[in-house]
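Examining the three-dimensional arrangement
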Amino acid sequence: MGDTTDFGFDTLQIHAGARPDPATGARQTPIYQTTAYVFRDADHAAALFNLQEVGYIYSRLTNPTVAVLQERLATLEGGIGAVCCSSGHAAQIMAIFPLMAPGCNIVSSNRLYGGTITQFGHTIKRFGWSANLVDFDDLDAVRGAIDENTRAVFCETIANPGGYITDLDSIAAIADEAGIPLIVDNTSATPYLCRPIEHGATLVVHSTTKYLTGNGTVTGGCIVDSGRFDWSKNDKFPSLSQPEPAYHGLKFHETFGNLAYTFHGIAVGLRDLGMTMNPQAAHYTLMGTETLSLRMEKHVANAQKLATWLEADPRVEFVTYAGLPSSPYYERIQRICPKGAGALFTVAIKGGYEACVKLVDSLEIFSHVANLGDTRSLVIHAASTTHRQLTPEQQQAAGAAPNVVRFSIGIEDPDDLIRDLDQALARAVA
Ligand SMILES: *Cc1c(COP(=O)(O)O)cnc(C)c1O
């Protein structure tokens, strides 16, 4: 497609980035199952290796199937470029890698996916990086946590499992004041419910494993660049603004302008870290994106119905879902995700830890898995699984206390889901 600015989301989720295969006319994007690409001649090869010409060299860096997905996700998020990688966690490392150096830190929300708390709290220290996790509802605390070595602010649009919604606009203003980028993990909202760049985000990261693919088949991740950050406005981002020794002193920002971050992600990030998405995974995720809006509408409608039903049930203590008027984030969600609060929520069950475990074991349609964003309804007891590595304080902050279970509501018939919940609650809460 040519200029896509006038097309609606439902059109772009099918067509953005894709065109009939120039070699065969194949309508669906082929899976380019190849490692390498033949150079036209030695000059062509040299130009590609010098980054003077854009093209395909080797699939650790670029692949035509993956490139279609990159263009599609950049378009859906309203960014100018994207880099896909092997998982959501890879995307997070890839996202901060160009910004960091030993001794640098990020300031992050303390309401995060459990694995991200572990990645930021422990693993990145091995690179000499650190993360300062704070309460993002306390804007003074966020401001106060930023120091001269902070290189990014990080948060999730909808933080699972606590039913938390980040005030993206206020956080973006703080990052802007400090001259550093805001990175938003938009996995739980998807670009259908929220486009963080419109709220001031510099970069958007995804676990494409979840709603973007949508049916629990492949792991993948993505970083979308807004193209709006001036990497040369201060001296904090030398990887982008200063000569790159591994490319004969090339300056990414000077050479590639607002595409500098995306080019760096491919030419240095994927080349040297190798967290590459494979073309099969890109294919599954492309299939998923084609129906994203249809699925999200149904996910949200089902979640709203089930959360409302559960909140009224005497066996339930409380439900944390921003789509319920009882949520402290009910007003905020209208501004951040006006099309709906997503399809994840946590439920506190009367009877605590034991009742939660029994509930999870008694559900029949819901699968007990460590995943979310599937067409199937899923349930997990976070305190005994995904958030098991965290301290009790961290569990509480993340909305994963021992008496709560997290639901990821699928797109089945909601009445069947309610019947299943009803019988399982009967067994769990005597
Ligand atoms: C799943 C998830 C991740 C990690 O993604 P993987 O693909 O499992 O590596 C990060 N953030 C959020 C919000 C997630 O749901």
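Residues numbered from 1 in each chain as written. Predicted model: local features only at pLDDT ≥ 70, side-chain atom pairs only at ≥ 80, totals over all residues. Heavy atoms only, no water.

Turning our eyes to something else, we now look at the overall build of the protein chain. Regarding its fold elements, the protein chain presents 17 helices and 14 strands. Taking 22 Å as the expected radius of gyration for a compact globule of 430 residues, we find that the protein chain reaches 22 Å, a close match to that expectation. For the protein chain, the spread of C-alpha atoms along the principal axes amounts to about 75 × 55 × 35 Å. When each of the 430 residues of the protein chain is scored for burial, the buried share is 56%. If you take every contact in the protein chain between residues at least 6 apart in sequence, the share linking residues at least 24 apart comes to 72%. In the structure as shown, the protein chain presents an accessible area of about 17200 Å², 53% of it carried by carbon and sulfur atoms. Charge centroids of the protein chain, computed over 31 positive and 45 negative side chains, lie 3 Å from each other. (Helix = DSSP H or I, 4+ residues; strand = E, 2+ residues; numbered from the N terminus. Rg over C-alpha atoms; globule rule 2.2 N^0.38 Å. Buried < 20%, exposed > 50% of the residue type's maximum accessible area, 1.4 Å probe, protein only. Contact = heavy atoms within 4.5 Å. Areas by Shrake-Rupley, 256 points an atom, 1.4 Å probe, with all protein chains shown as cover. Lys, Arg positive; Asp, Glu negative; His and termini not counted. Charge placed at Lys NZ, Arg CZ, Asp CG, Glu CD.)

Our next topic: the environment of histidine 206. Here histidine 206 lies in strand 8 (residues 203–207). Sequence-wise, histidine 206 and glutamine 92 are 114 residues apart; in three dimensions their C-alpha atoms are separated by 8.3 Å. What histidine 206 contacts, discounting residues up to four positions off in sequence, is Glu77, Gly88, Ala91, Asn186, Thr187, Thr190, Pro191, Leu212, Gly220, Gly221 and Cys222. At 2.6 Å, the side chain of histidine 206 and the side chain of glutamate 77 are in polar contact. (Polar contact = N/O pair within 3.5 Å; in protein donor to acceptor, adjacent residues only side chain to side chain.)

The biggest cluster of nonpolar side chains holds 130 residues, and the ones touching the most others in it are Phe252, Phe345 and Phe407. Each of domain 1 (11–288) and domain 2 (292–428) gives at least three residues to this core. In contact with phenylalanine 345, not counting residues within four places along its chain, are Ala303, Leu306, Ala307, Leu310, Val319, Thr320, Tyr321, Val405, Arg406, Phe407 and Ile409. (Core = buried A, V, L, I, M, F, W, Y, C linked by side-chain atoms within 4.5 Å. Domains from an automatic or database assignment.)

Take unusual backbone geometry next. Positive phi is not limited to glycine here, since threonine 190 has a value of about 65°. With respect to the element layout, threonine 190 can be found in helix 8 (residues 190–193). The class for threonine 190 is buried, based on a relative accessible area of 0%. Its identity as a non-glycine residue notwithstanding, histidine 248 has a phi of 50°, on the positive side. Position of histidine 248 relative to the elements: it lies in the loop between helix 9 (238–241) and helix 10 (252–256).

Before going further, it helps to examine the domain arrangement of the protein chain. One can read the domain layout of the protein chain as domain 1 (11–288) and domain 2 (292–428). Centre-to-centre, using C-alpha coordinates, domain 1 lies 29 Å away from domain 2. Taken residue by residue, the interface counts 38 residues in domain 1 and 39 residues in domain 2. Both faces combined, the contact of domain 1 with domain 2 buries some 3300 Å², and carbon together with sulfur accounts for 59% of it. Viewed at the interface, domain 2 and domain 1 are joined by three salt bridges. (Buried area = accessible area lost by both parts, 1.4 Å probe. Salt bridge = Lys/Arg side-chain N within 4 Å of Asp/Glu carboxyl O.)

So, about the sheet that holds strand 4 (residues 150–156). Reading across from one edge, 1-9-8-7-4-2-3 is the order of the seven strands in this open sheet, with mixed pairing throughout. Each edge of the open sheet is held by one strand with a lone partner, namely strand 1 (81–85) and strand 3 (130–134). On average, each strand axis in the sheet is inclined to that of its neighbour by 20°, with strand direction left out of account. Relative to strand 8, strand 7 (residues 182–185) runs parallel, the two being bridged by three bridges. Paired with isoleucine 183 across the strands is leucine 203, a residue of strand 8. Helix 4 (residues 88–96) rests against strand 1, strand 2 (105–109), strand 4, strand 7, strand 8 and strand 9 (221–225) of the sheet, and its axis sits at about 160° to strand 8. Each of strand 4 and strand 7 is contacted by helix 7 (residues 168–178), which is oriented at about 150° to strand 7, the strand it contacts most. (Pairing = 2+ DSSP bridges. Axes fitted to C-alpha atoms, helices over the stretch in contact; angles between N-to-C directions.)

We now examine the pattern of salt bridges. Following the criterion strictly, the structure yields 16 salt bridges and no others. For aspartate 422, the salt bridge goes to arginine 315, with nearest N and O atoms at 2.7 Å. Of the two residues, aspartate 422 is situated in helix 17 (residues 414–428) and arginine 315 in the loop between helix 13 (292–311) and strand 10 (316–320); the sequence distance between them amounts to 107 residues. Look at arginine 315 and you get buried, because its relative accessible area is 18%. When the shortest N-O distance is used, the salt bridge between arginine 419 and aspartate 416 registers 2.4 Å. In this pair, arginine 419 and aspartate 416 both sit in helix 17, three residues apart, roughly one turn of the helix. Among the charged side chains, a salt-bridge network with shared partners connects Asp140, Arg143 and Glu177.

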